[in-house]
Amino acid sequence: MSLDITPVEKGKAVHFKTPPIAFFNAIGREKGMKELMYDFYDKIYESDIAHFFPQDENEFEQVKEKNTKFFIQICGGPKVYEGESGGMDLNEYMIRIHDDFSITEKSRIEWLGTMREALRDKAKYVDQELIEEFWDYLENFSKLTVNTFSDGSTYYAAYTQADEEN
C-alpha cells in the first residue's frame, strides 16, 4: 500500500475531497473509527509530536474521544461533532484549531507517518482504494495545518484556498 506524503508549499491553494462514506462503513462505522483513532492516538503518544497533546491521561482520553467524533462526522457518519465546532464548517474549524500551535512540515510528516501505520493495521479489513481515498483527504488537508516554516516564517492557511473538490 503506497500512502505517499507530498510537501507543503506555503501559500499554495490546497484542494481536497472529504472521505467517502464507504470508508466509514468499511472501517466499521463508529466502532471501527474509534478503534482506528484510538490506535492512532496511542501511537502518537509515543511519537516525536506527543508534546502537542495533553500529558494527563484523562485529558488525552478526551482528545481521543473528541477527534474520533470529528473523523466519524467528516467521513459521513452521524453528526456527533456539531457542538464542538459551534456551527462552523468542520474543515475550517479544524484548520483554525491548529492555528494555536506551531505546526511544522516535520510535525505534519510525523503525524501522517503515525496515521499511515495505524491505517496499515486496518488494511486487511478495508479495501485499499477506500484507505487511499481517506489518505488523500488526510495528506492534502494536513497541508492546511502547517503554519511554521523552516525559513522562520509563519503562514496561516485561509479556508477559501481549500475549496473542496466534489
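Per-chain numbering applies: the sequence of each chain, read as written, is numbered from 1 onward. In view of the model being predicted, local features appear only for residues whose pLDDT reaches at least 70, and side-chain atom pairs are presented and counted only at 80 or more, with totals across whole chains, interfaces and linings using the full set of residues. Side-chain metrics in this entry use all non-hydrogen atoms of the structure; hydrogen atoms and water are not considered.

> Looking at this structure, I do not really get the layout of surface pockets. What am I missing?
If a probe the size of a water molecule is rolled over the atoms, the empty space left behind becomes visible. Of the pockets and cavities examined, the largest pocket occupies roughly 600 Å³. Looking at the lining of the largest pocket, the elements with two or more residues in it are α3 (57–74), α5 (90–98), α6 (105–122) and α7 (128–141). The residue inventory of the lining of the largest pocket, partitioned by class, reads 17 nonpolar, five polar and two charged. One number sums up the size of the second largest pocket: a volume of about 180 Å³. Lining the second largest pocket are 17 residues, with Val8, Glu9, Lys12, Val14 and Lys143 sitting closest to its centre. Note on residue categories: nonpolar means Ala, Val, Leu, Ile, Met, Phe, Trp, Tyr, Cys or Pro, charged means Asp, Glu, Lys or Arg, and polar means any other residue, Gly included. Tallied by class, residues from the lining of the second largest pocket come to nine nonpolar, four polar and four charged. In this analysis, the protein atoms alone were mapped onto a 1 Å grid. Cavities are point sets where a 1.4 Å probe fits without being able to get out; pockets are open sets with protein on both sides within 12 Å along at least five of seven lines; lining residues have an atom within 4 Å of a point. Grid points are joined across faces, edges and corners, and a volume is the space filled by probe spheres set on the points. A run of H or I in DSSP counts as a helix once it spans at least four residues, and a run of E counts as a strand once it spans at least two, with each numbered from the N terminus.

> Even after reading the chapter, I still don't get unusual backbone geometry, so can you show me in this structure?
For Arg29, which is not glycine, the phi torsion reads 55 degrees and is therefore positive. Of note, Arg29 is situated in helix α2 (residues 29–44).

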